[in-house]
Protein chains: 2
Amino acid sequence: MSILRTPPVAGTADPSGLPANRVAAGALPCNTCAARQFSICAPVSDADLPHFFAMSVKLRFEPRRYLFDEGDAPRYVFSIASGTVCLSKALSDGRRQITGFLFAGDFIGLAHGETCAYTAEALTPVEVCRFPRDRFERYMTEHPHVERRLLQIASTELAAAQDQMLLLGRKTATERVASFLIRLSDRAVAHGRSGNPVCLPMTRAEIGDYLGLTLETVSRTMTQLRKRGAIDLDNTSVVRLTSEETLRRLAGV
Amino acid sequence: MSILRTPPVAGTADPSGLPANRVAAGALPCNTCAARQFSICAPVSDADLPHFFAMSVKLRFEPRRYLFDEGDAPRYVFSIASGTVCLSKALSDGRRQITGFLFAGDFIGLAHGETCAYTAEALTPVEVCRFPRDRFERYMTEHPHVERRLLQIASTELAAAQDQMLLLGRKTATERVASFLIRLSDRAVAHGRSGNPVCLPMTRAEIGDYLGLTLETVSRTMTQLRKRGAIDLDNTSVVRLTSEETLRRLAGV
DNA sequence: CGAATATTTGAACTTAATCAACCGAGGTGG
DNA sequence: CCACCTCGGTTGATTAAGTTCAAATATTCG
């Protein structure tokens, strides 16, 4: 559908070269996930986790592979076990907007209609638990509290989406980049990781596609934030927030 | 909270000057709503509509009054019976982003946490059915199919939000305005009204705050669309789509 | 090491914002 | 009734923010 489409299984970009084996190797109930960091985001209580994840199989996606693409039939729901995924929508001429970055514990694919409304792409090596959509929906119908939890998740995402609209519609480049770094930091803390050296598992181009800027502007703005003493770059993908105070001020409310 | 705040009931901007009377006059169960256009958007089946709307009272808001404001405690949920409402988020210096325009049949206030995440403002005279939040949630718990319906609504809104992110992050001014007009037209059709002479019950400034543009750019872009033969302005708030073909092309996929 | 990829920086350019003037409709009060 | 005011809209001139094009540098990975 999208001109950016990469076949999700077969193709030259698959380093393993063994897609069928890959799937077979991962085709085990994803019980292990339950023991990990899912307490934050799984839409079921701890006691139900094993039963819940028994519906899923664990799979691995290499960087730049698509979990699914805009326009695909929405056959699965995914829970990220590790790695970073981005969701995006594209225009026919290649311009695209990344609508979100997802990390371990996040769910993907809950909000589709007849076709997938966006593309989900692995930015790093990604491990997921994949749930057949029909089984997931049956489970949901049988467990109404899951529906309520999903409604909460959807509400949170909606609030985040509105924040992002404010950022895209009204904030300057500096405010956008500062907001982005703070969000990543806060999110790391919410997931129980350290909030200060912030990891950027995405390229400048991907940050640009998320913030409605070009990769050059992202780069220039980072340099400017460094010169202003708000951040320091350990390397291009690890940012130390030297003055969170300054950074929050520059983020504009 | 927001510097744009206007008191929602008392204050000089209230033409009636009788807020208490207003509420008393409207404090009747909103059964009449059920007979109207709510089949599209109410989260309950037709048979349940009378019982559902019995929880609500009908109220009227004059233009520029706030149904609630960013940061308020979320005490109510609203269903619009008539008129136009906009939802917005503001930065402390007054810049704001309108995240959506709502019309008859739409629900407001479903997705709040501890405080309202956005402001809801009447753009025209607005009639609403107002539901106490706690009663609404109790109803929801007792009627699981309502939760499922709300999840669908939230999913739809999420998809719309992602579309808007693409618009704000990556589309040109022309594409934004063209997309906006098409959306309004499609939405009117979905609500069973005519899609062609499109009514704009909002000012150029409000359109700008929705599209991430200034009012001048919105105005210039409209004249440009007129000169290109895509639209015609009957008056400033009624747009005829003379070539929907052209308009859709200019909207950029 | 060397090719490919990612990042930074510079210079020219473009789009939309800003500042400003003007027009027209509607409402108010003398 | 009419002068006046306000508000919303249009249009013009100028400016600024960010994009585009281009080149140099850094990093990664086989």
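Sorry if this is basic, but what is going on with the pattern of salt bridges here?
For side chains bearing opposite charge, pairing can occur when the charged atoms are close. Applying the stated rule across the entire model yields 30 salt bridges over all chains. For Arg170(A), the salt bridge is made with Asp209(B), and the minimal N-O distance between the two is 2.8 Å. With Arg170(A) in helix 5 (residues 144-170) and Asp209(B) in helix 7 (residues 204-211), this pair bridges two chains. A residue is classified by how much of its surface remains accessible, and Arg170(A), at 17% relative accessible area, is buried. Look at Asp209(B) and you get buried, because its relative accessible area is 16%. The salt bridge involving Glu137(B) is made with Arg133(B); its shortest N-O contact spans 3.9 Å.

Explain the packing of helix 5 of chain A against helix 5 (residues 144-170) of chain B here, please?
Helix packing geometry: the angle between the two helix axes and the distance between the axes. Where helix 5 of chain A meets helix 5 of chain B, the closest approach of the two axes is 9 Å, and the angle between their N-to-C directions is 20 degrees. The pairing of helix 5 of chain A with helix 5 of chain B is recorded here as roughly parallel in orientation. By crossing handedness, the relation of helix 5 of chain A to helix 5 of chain B is classed as left-handed. For the contact of helix 5 of chain A with helix 5 of chain B, the per-class residue count stands at 16 nonpolar, four polar and six charged.

Would you explain the protein's contact with DNA strand D in this entry?
Around DNA strand D sit 17 residues, and of these Ala173(A), Thr217(A), Arg220(A), Arg204(B) and Thr223(B) come closest. The side chain of Thr214(A) places a nitrogen or oxygen atom 3.1 Å from a phosphate oxygen of DNA strand D. Between Thr217(A) and DNA strand D, the recorded distance is 2.3 Å, taken from a side-chain N or O atom to a phosphate oxygen. Examining the composition of the surface near DNA strand D, we find that five residues originate from one element, helix 8 (residues 215-227) of chain B, more than from any other. Here the surface near DNA strand D is built from residues that sort into four nonpolar, eight polar and five charged.

Looking at this structure, how should I read unusual backbone geometry?
Negative phi characterises most residues that are not glycine, and trans characterises most peptide bonds. Its identity is not glycine, yet Arg64(A) carries a phi of approximately 75 degrees, on the positive side. Relative to the assigned elements, Arg64(A) resides in the loop between strand 1 (57-61) and strand 2 (66-68). Overall, the relative accessible area of 47% leaves Arg64(A) in the partly exposed class. Positive phi outside glycine occurs at Val253(B), with the angle close to 60 degrees. Structurally, Val253(B) is set in the segment after helix 9 (244-250).

Can you walk me through the interface of chain B and chain A in this structure?
A common way to state how big an interface is: give the accessible area lost once the parts meet. Taken together, the contact between chain B and chain A spans 41 residues of the former and 41 residues of the latter. Regarding the contact of chain B and chain A, the summed buried area is about 3800 Å², with carbon and sulfur atoms giving 63% of it. Between chain B and chain A we count eight salt bridges in total. The partner of Asp163(B) in a salt bridge is Lys89(A), and the shortest N-O contact between them spans 3.4 Å. Viewed at the interface, chain A and chain B are joined by 18 residue pairs in polar contact (both at pLDDT 80 or more).

Any chance you could explain helix 8 of chain B here in plain terms?
Side chains of residues three or four places apart in an α-helix project in the same direction, reflecting 3.6 residues per turn. All names here are of chain B. Across its 13 residues, helix 8 extends 19 Å between first and last C-alpha, which sits within 8% of the 18 Å expected from 1.5 Å per residue. Restricting attention to buried positions, one finds in helix 8 the residues Val 218, Thr 221, Met 222 and Leu 225. Seen end-on, helix 8 carries its buried residues on one side only, within an arc spanning 105 degrees. Of the exposed residues in helix 8, those oriented more than 90 degrees away from the buried face are Arg 220 and Lys 227. On its buried side, helix 8 packs onto helix 6 (173-190), helix 7, strand 10 (232-235), strand 11 (238-240) and helix 9.

Mind showing me how you'd approach the domain arrangement of chain A here?
Residue and element names in this part refer to chain A. As far as domains go, chain A holds domain 1 (19-155) and domain 2 (171-250). Across the boundary between the two partners, domain 1 contributes 16 residues, which contact 11 residues of domain 2. The interface formed by domain 1 and domain 2 contains three salt bridges. When the shortest N-O distance is used, the salt bridge between Asp 106 and Arg 187 registers 2.7 Å. Run the count over domain 1 and domain 2 and you get seven residue pairs in polar contact (both at pLDDT 80 or more). Residues of the side of domain 1 that touches domain 2, tallied by class, amount to eight nonpolar, five polar and three charged.

Help me understand the sheet that holds strand 11 (residues 238-240) of chain A in this model?
The strands making up a sheet are joined through hydrogen bonds of the backbone, oriented either antiparallel or parallel. All names here are of chain A. Strand order in the open sheet made by the three strands is 9-11-10, with antiparallel pairing throughout. Edge strands, defined here as strands with exactly one partner in the open sheet, are strand 9 (197-199) and strand 10 (232-235). When strand polarity is set aside, the average angle formed by the axes of neighbouring strands in this sheet is 30 degrees. Pairing of strand 9 with strand 11 involves three bridges; the strand directions are antiparallel. Bridged to Val 198 within strand 11 is Val 239.

Conventions we followed
- Residues numbered from 1 in each chain as written.
- Chains lettered and ligands numbered in written order.
- Predicted model: local features only at pLDDT ≥ 70, side-chain atom pairs only at ≥ 80, totals over all residues.
- Heavy atoms only, no water.
- Salt bridge = Lys/Arg side-chain N within 4 Å of Asp/Glu carboxyl O.
- Helix = DSSP H or I, 4+ residues; strand = E, 2+ residues; numbered from the N terminus.
- Buried < 20%, exposed > 50% of the residue type's maximum accessible area, 1.4 Å probe, protein only.
- Axes fitted to C-alpha atoms, helices over the stretch in contact; angles between N-to-C directions.
- Parallel < 35°, antiparallel > 145°, perpendicular 65-115°, else oblique.
- Left-handed = near helix turned anticlockwise from the far one by under 90°.
- Nonpolar A, V, L, I, M, F, W, Y, C, P; charged D, E, K, R; others polar.
- Near = heavy atom within 4 Å.
- Polar contact = N/O pair within 3.5 Å; in protein donor to acceptor, adjacent residues only side chain to side chain.
- Contact = heavy atoms within 4.5 Å.
- Buried area = accessible area lost by both parts, 1.4 Å probe.
- Expected span 1.5 Å × (residues − 1).
- Arc of directions from axis to C-beta.
- Domains from an automatic or database assignment.
- Pairing = 2+ DSSP bridges.

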